[in-house]
Amino acid sequence: MSDQAQQLRQLISNQADPAAIQTRVIAVTSGKGGVGKSNFTLNFALQLRTRGFKVLVFDADNGFANIDVLMGLTPKFNLYHLLKRQKTIHEIIHTGYQELDFIAGGSGFRELAFWTEADAQYFSDQVMQLNGKYHFVLFDLGAGLSKESLKFIISAHETVLVTTPEPTSITDAYAIIKMVQSMKHDVEFHLVVNRSGDDFEGKYTADKITLVAKQFLKMEIPILGYLPEDPNVQKAVKKQVPFAVAFPNTAAAKQMGRIADQYIRTVVSVPEKEHMNSGMKGFLNRMIRLIQNPS
Ligand SMILES: Nc1ncnc2c1ncn2[C@@H]1O[C@H](COP(=O)(O)OP(=O)(O)O)[C@@H](O)[C@H]1O
Ligand SMILES: [Mg+2]
């Protein structure tokens, strides 16, 4: 696997300037709330960190931001201060466990919905400064399809959709895929089933979604993996330490490692030309276009 991680680091590095990384943007979302998105985002990011990648977690959950709470860290400055233009992006980046960088969410994020083009340009200029600094930037989004999270889902290089085996979570996850597809946006979803009783239940849940997506929407949705129901996840949340750090050998942490490996394999298999065209610039260009031409 370290070979594959190495291969991926090379792929997403700029060919003309090997020192410059083409940052990949991953959005994490779900249909239903409370399915484990934030825990997934944080611990997945930590698994990428331990594989040698530079990672930033960006808490963009509109109204329910809590990445900082999961780490027991309360930064003074957050996204709110960036959107209010009181702080630069570098001033709101903090470092957590295993030197994972993160931007805490702020209540001001709600205002994204009322963005003017000038606001969008400012945000874009600030976020562009992250290009090359990170291999991966992960956006932890809110549940459901708000106008704001839709912009991130459409603009990101890929979107991880988290569901649990509960029927309500499955139907809501499918609803997200269907809504995005009905808007004719080309989004690359990856599916994660969280809180599954065992791998069989995880696979059964994922198959339900991917089969229906294939049959009715003609969409291929790769499955990233299944995370078990694990009492140590709740214990870690109460301790305010990410479970991958507090309980590195617990079932959920080990499985998260396999999910990170699977993700790396998937990205490595993407044609090189796609990597070349991407980076933070690709992400921001898509976002600016959406803000200029809302449909
Ligand atoms: N794999 C798991 N095993 C056990 N409990 C879990 C698991 N994943 C999440 N949880 C529980 O679900 C709660 C909500 O998770 P969270 O990541 O905050 O969800 P979201 O971001 O989707 O709202 C956690 O605080 C934890 O108690
Ligand atoms: Mg959350």
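Residues numbered from 1 in each chain as written. Chains lettered and ligands numbered in written order. Predicted model: local features only at pLDDT ≥ 70, side-chain atom pairs only at ≥ 80, totals over all residues. Heavy atoms only, no water.

Novice: When you look at unusual backbone geometry in this model, what are you seeing that I'm missing?
Specialist: Leave glycine aside and you will find that most residues have negative phi; peptide bonds, for their part, are mostly trans. Backbone geometry at Arg-85 places phi at a positive 60°, although glycine is not the residue there. Structurally, Arg-85 can be placed in the loop between α4 (79–83) and β3 (93–95). Taking relative accessible area as the criterion, Arg-85 reaches 42% and is therefore assigned partly exposed. The phi dihedral of Arg-195 falls on the positive side, at around 60°, and the residue is not glycine. Of note, Arg-195 is situated in strand β7 (residues 189–196). (Helix = DSSP H or I, 4+ residues; strand = E, 2+ residues; numbered from the N terminus. Buried < 20%, exposed > 50% of the residue type's maximum accessible area, 1.4 Å probe, protein only.)

Novice: Would you mind going over the sheet that holds β7 with me for this structure?
Specialist: In any sheet, the strands associate via hydrogen bonds between backbone groups, in a parallel or an antiparallel arrangement. One open sheet holds the 8 strands; their spatial order is β3-β4-β2-β5-β1-β6-β7-β8, and the pairing between them is mixed. The open sheet terminates on both sides in strands that have one partner only, identified here as β3 and β8 (223–228). Each neighbouring strand pair of the sheet contributes to a mean axis angle of 25°, computed without reference to strand direction. As paired elements, strand β2 (residues 55–60) and strand β4 (residues 101–103) share 3 bridges and run parallel to each other. Counterpart to Val-57 in the pairing with β4 is Phe-102. Sheet strands touched by helix α8 (residues 199–217): β6 (158–163), β7 and β8. Its angle to β7, the strand with the most contacts, is close to 145°. (Pairing = 2+ DSSP bridges. Axes fitted to C-alpha atoms, helices over the stretch in contact; angles between N-to-C directions. Contact = heavy atoms within 4.5 Å.)

Novice: I'm lost on the site of ligand 1 in this one. Help?
Specialist: What surrounds ligand 1 is a group of 14 residues, the closest being Lys-37, Ser-38, Asn-39, Asn-194 and Pro-228. Note that an oxygen atom of ligand 1 is positioned 2.8 Å from one of the backbone N or O atoms of Lys-37. Pro-228 places a polar main-chain atom, nitrogen or oxygen, 2.9 Å from a nitrogen atom of ligand 1. For ligand 1, whose accessible area on its own is 570 Å², the fraction buried by protein is 84%. Broken down by secondary-structure element, the contributors of at least two residues to the shell around ligand 1 are α2 (37–50), β7 and α9 (231–239). Residue classes in the shell around ligand 1 are distributed as 4 nonpolar, 6 polar and 4 charged. (Near = heavy atom within 4 Å. Polar contact = N/O pair within 3.5 Å; in protein donor to acceptor, adjacent residues only side chain to side chain. Areas by Shrake-Rupley, 256 points an atom, 1.4 Å probe, with all protein chains shown as cover. Nonpolar A, V, L, I, M, F, W, Y, C, P; charged D, E, K, R; others polar.)

Novice: Whenever I open this one, the pairing of β2 confuses me. Can you help?
Specialist: On any regular strand, side chains alternate: one points to one face of the sheet, the next to the other face. For β2, the buried fraction is high: 6 of the 6 residues fall into the buried class. Because side chains alternate across β2, one face comprises the buried residues Val-55, Val-57 and Asp-59, and the other comprises Leu-56, Phe-58 and Ala-60, equally buried.

Novice: What should I look at first to understand the pattern of salt bridges in this one?
Specialist: Opposite charge on two side chains allows them to pair when their charged atoms are near. A full pass over the atoms with the stated rule returns 6 salt bridges. Residues Asp-261 and Arg-51 are paired through a salt bridge, measuring 2.6 Å at the closest nitrogen-oxygen approach. One end of the pair, Asp-261, is in helix α11 (residues 251–268); the other, Arg-51, is in the loop between α2 and β2, with 210 residues separating them in the sequence. Using a relative accessible area of 21% as the deciding quantity, one classes Arg-51 as partly exposed. Among the salt bridges present, the one from Lys-214 reaches Glu-220, with a minimum N-O distance of 3.4 Å. For Glu-220, a relative accessible area of 61% puts it in the exposed group. (Salt bridge = Lys/Arg side-chain N within 4 Å of Asp/Glu carboxyl O.)

Novice: Any chance you could explain the packing of aromatic side chains here in plain terms?
Specialist: Think of a pair of aromatic rings as described by two things: how far the centres are apart, and how the planes are tilted against each other in angle. For the structure on display, the rule yields 10 aromatic pairs. With 5.2 Å between their ring centres and 65° between their planes, Phe-53 and Phe-136 make a pair best called edge-to-face. Here Phe-53, found in the loop between α2 and β2, pairs with Phe-136, found in strand β5 (residues 136–143); they are 83 residues apart in sequence, far enough to count as distant. Looking at Phe-53, the relative accessible area reads 0%, which means it is buried. (Phe/Tyr/Trp six-rings, centres within 6.5 Å; stacked < 30°, edge-to-face > 60°.)

Novice: Sorry if this is basic, but what is going on with helix α7 (residues 167–182) here?
Specialist: Think of an α-helix as 3.6 residues a turn; residues three or four steps apart then line up on the same face. Here α7 spans 22 Å end to end across 16 residues, near enough to the 22 Å set by a 1.5 Å rise per residue. Those residues of α7 that sit buried are Ser-169, Ile-170, Ala-173, Tyr-174, Ile-176, Ile-177 and Val-180. For α7, the angular spread of the buried residues around the axis is 145°, confining them to a single face. Exposed residues pointing more than 90 degrees away from the buried face of α7 are listed as Pro-167 and Ser-182. (Expected span 1.5 Å × (residues − 1). Arc of directions from axis to C-beta.)

Novice: How should the side chain of Glu-158 be read in this particular structure?
Specialist: Tracing the sequence through the fold places Glu-158 in strand β6. At a separation of 3.0 Å, a polar atom in the side chain of Glu-158 contacts the side chain of Arg-24. Residue contacts for Glu-158: discarding those within four places in its chain leaves Arg-24, Val-25, Ile-26, Ala-27, Glu-188, His-190, Tyr-263 and Val-267.

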